[in-house]
Every structure is written in structure tokens, then in C-alpha cells.
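Next come the chains, spelled out residue by residue.
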Amino acid sequence: MTALDTVTAPAVTRHTSPSRGLVLAMLRLHRTALLFWLGLVVVAAGALLWAMGPGADAAWAEYTDMGCDQAAPNLGCDSPGPANSRYQTAVTVAIGLVRLLPLLTGAWAGGALIGRELENGTAQLAWTQSVSPARWLAAKLAVPALLLVTGTLTLTLLHRMLWSADRGAAINVMGWRAWHDTGVFEINGTIAAAEALAALALGVLAGMLLRRTLPALGVAVLTVMSLVYVLDALRPYLWPVKTVVTSLDDGTPGIDSMIVETGAMTASGARVPIPSCSGEPGCDARTGITHYYADYHPASHFWPLQLMETGLLLAVAALAAATAFVLLRRRTGAAV
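Let me begin by describing the structure that accompanies this report.

Rules and cut-offs
Residues numbered from 1 in each chain as written. Predicted model: local features only at pLDDT ≥ 70, side-chain atom pairs only at ≥ 80, totals over all residues. Heavy atoms only, no water. Pairing = 2+ DSSP bridges. Helix = DSSP H or I, 4+ residues; strand = E, 2+ residues; numbered from the N terminus. Expected span 1.5 Å × (residues − 1). Buried < 20%, exposed > 50% of the residue type's maximum accessible area, 1.4 Å probe, protein only. Arc of directions from axis to C-beta. Contact = heavy atoms within 4.5 Å. Phe/Tyr/Trp six-rings, centres within 6.5 Å; stacked < 30°, edge-to-face > 60°. Lys NZ or Arg CZ within 6 Å of the ring centre and 35° of its normal. Axes fitted to C-alpha atoms, helices over the stretch in contact; angles between N-to-C directions. Parallel < 35°, antiparallel > 145°, perpendicular 65-115°, else oblique. Left-handed = near helix turned anticlockwise from the far one by under 90°. Nonpolar A, V, L, I, M, F, W, Y, C, P; charged D, E, K, R; others polar.

**Points about the sheet that holds strand 2 (residues 258–266)**
One open sheet accounts for four strands, arranged 1-4-2-3; its pairing is antiparallel. Of all strands in the sheet, those bounded by a partner on one side alone are strand 1 (242–247) and strand 3 (271–272). Bridge analysis of strand 1 against strand 4 (residues 289–297) gives six bridges, and the strand direction is antiparallel. In the sheet register, K242 faces strand 4, and the bridge partner there is Y296.

**Section: helix 10 (residues 213–234)**
Look at helix 10: 31 Å from first C-alpha to last across 22 residues, which is about the 32 Å you get at 1.5 Å a residue. Within helix 10, burial applies to A216, A220, V224, L227, V228 and L231. Each buried residue of helix 10 sits inside an arc of 95° when the element is viewed along its axis, so together they form one side. Turned more than 90 degrees off the buried face of helix 10, the exposed positions are L214, L222 and Y229. Where helix 10 is buried, its residues meet helix 4 (82–120), helix 9 (191–210) and helix 12 (302–332).

**Thoughts on the environment of G55**
Here G55 is to be found in helix 3 (residues 31–65). Look at G55 and you get buried, because its relative accessible area is 1%. Through-space distance from the C-alpha of G55 to that of Y87 is 5.3 Å; in sequence the pair is 32 residues apart. Aside from chain neighbours lying at most four places away, what touches G55 is W50 and Y87.

**What about the pairing of strand 2?**
Where strand 2 meets strand 4, eight bridges bridge the pair, whose relative direction is antiparallel. The partner of T266 across the bridge, within strand 4, is I289. Bridge count between strand 2 and strand 3: two bridges; the pairing is antiparallel. For A264, the partnering residue across the bridge sits in strand 3 and is V272. The loop that links strand 2 with its antiparallel partner strand 3 comprises four residues; one of these, G269, has a positive phi angle of about 95°.

**What to know about the packing of aromatic side chains**
In total, this model carries five aromatic pairs according to the counting rule given. Between W179 and F302, the ring centres sit 6.3 Å apart and the planes meet at 75°, which makes this aromatic pair edge-to-face. One end of the pair, W179, is in the loop between helix 7 (166–174) and helix 8 (184–187); the other, F302, is in helix 12, and 123 residues separate them in sequence. When sorted by exposure, W179 lands in the same class as F302, which is buried. In this structure an aromatic cluster arises from ring pairing among W179, F185, F302 and W303. Positioned over the ring face of Y293 is R271, at 4.0 Å from the centre of the ring.

**Details of the packing of helix 6 (residues 133–164) against helix 12**
In the contact formed by helix 6 and helix 12, the axes pass within 10 Å of each other and the chain directions differ by 165°. Put simply, helix 6 runs roughly antiparallel to helix 12. The handedness of the crossing between helix 6 and helix 12 comes out as right-handed. Here P133, A134, L137, A138, L141 and R160 of helix 6 lie close against helix 12, whose contacting residues are F302, W303, A321, A324, F325, L328 and T332.

**A word on the environment of A45**
Relative to the helices and strands, A45 is located in helix 3. You can call A45 buried: its relative accessible area is 12%. For the pair A45 and L155, spaced 110 residues apart in sequence, the C-alpha to C-alpha distance is 6.0 Å. Discounting chain neighbours no more than four positions away, the residues touching A45 are L155 and L158.

**Notes on the packing of helix 9 against helix 10**
Where helix 9 meets helix 10, the closest approach of the two axes is 8 Å, and the angle between their N-to-C directions is 145°. Crossing of helix 9 over helix 10 shows right-handed handedness. Residue-level contacts link E195, A198, A199, L202, G203, A206, G207 and L210 of helix 9 to P215, A216, V219, A220, T223, V224, L227 and V228 of helix 10. When grouped by side-chain class, the residues that make up the contact of helix 9 with helix 10 number twelve nonpolar, three polar and one charged.

Function cannot be read off these values alone, since they describe shape.
Have a look at this one:
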């Protein structure tokens, strides 16, 4: 190489792109929340892994030592011993942490992620550092969403492995943990991850609207709580139910499934509440009931119900995120 070539050769420089720099700055700024999230996942995953291993071994040994059989349990089999109690506690802790995740996510997103930065002016400063407002908001949504979905789906897969194991199924039956129980239903499918995404988007929207830390935090928590409550109440009606009808001699239907509605039927097929005198002599003749009925969801409805509720949650998340972008554009006048 000649001296001239040495002089004229372009220098190779390394620099961090604005988008990458924004992500790194956000991770550093919110490293406490990141460490908290990683810790939550580690604790919940550790509890589930322990329950699948030594916890299940000890509980199963205790279960069989009591002379219990999954098909025909003996009297007293529904009274768990200390090993089973420890197993159930570990699973309950994991489920409880996942159930708290939407509230924690909404509070953090509304308060620290968006509200505090708008209130302190750090967001406006970032918009002057080669980062457009829209790209700033996209990073605020995308990075936490990736972490939330990855961690939540990991816990979901671990819980499904635990739940589907033969010993785990028997122990869960003993502990009265049905597939449709609150908490179990959410963490066994896609709802837990969708709830986290909806909470993130609602928290971001609350922060954009209020631009203050504490008000945004409070509104986000109340909104997420309301959403979870409404969907819990709406869940049984998201998919067509099955109906079982029994005679008066057989009594009210006994179904180990998600019961939506029970009652009595008259000779004309009309549905009426079960009379308070049910079981007393002459009650059926006086009230005119001829059958009992129950509307319910069998275990085969697990995935239809899961996907319907997940779709609603993702629709809420998409609507909240889109509204936040529209609000940002109107306030900053920036389209990109």
C-alpha cells in the first residue's frame, strides 16, 4: 500500500444507531424493573420446577401411603398431608405471581415507563437526540412486550408440563385444583401473556393521557383491575355451552366442569329456578318442575375459551397502543 493509499483510505468508525442506543438507555434507566421481572420469573419457575421434581415425588409418596387411588380415593384422601401442602403452596406461589403480573405491569408502565418521563421532561429530551417521538414510543412498547411474553410463556409451559404429568394430575385432583379454576385456567394457556400485553398498553396509554407519575399509575391499576374482572365474569359466555338434563329422581346434575347455569325445567320446557322446597314431599307437583338442567363447559372447551379471551385481550392491547400513537402524534406533530 502506498502512502497516498494510506491517506485517502476511508476510516472505519463504529457507532451506535439511535434505535439501539434508545433500547440500551431504556434498559439502563429501568434496570430495577428489569431485575425485578427476572427475579419474579426465576422464583416462579423455581417453584414450578421444584413441584415437578422433589415436590411431586414427596406428595405422590404421601398420596399413595394414605391408600389413595386416583380412580377411587378413600375417605380422608381429600385431606392433604404436609408434603402435599408444600406442593400446593409452591404451585400457588407461582400462580399468584403470574396473577399479579398485569397489575404490576400496568402500574409500572403508567407510572415509571411513561408518566415519569413525560413529567420530568426526559422524553422531550430524547426526542431531540435523533430519536423521533414515534420511535421512542415504539421502543417503550416493544422491549417490555418482548420480555413480558418471553417470561410469561416460559412459566406457562412449565405449568402445563406440571399439570399434564400423571402424578401432577392426581395430586392436583387431590388438592381440588380444577382446570377451570381462576389462576389455573389463565396460566395454563395464552391468557397470561395476553393479559400482560394488555396491561402494558393500557399503562402506556394512561401515562400518555395524564403525563404524571402517580395519577397515571393509579388509573392504570384501576383500568387493568376492571379489565381482568370483566373478562373473568364474561369468560363462561365466550363459547356455546353444553347442556345436561336429569330427571327429578336423579337429582341436580353433578358435573366436574365449568358450570355456567343450573336450574329446573317445567313440562313445557321453560327454565325456572330450583324451588326452595326441592326434596320435600309434594314440592315437584306444587311447582310444576319435571327435570333439572345444567349449562356447562367441558374440558374440551379449554382452548376455544382460551383463544376467545386471548383475542379480546390482544384487541384491547392493540387499540390502546394505537390510541397512544395517535395521541403522541397530535401532541408532537410528528408522524414518524
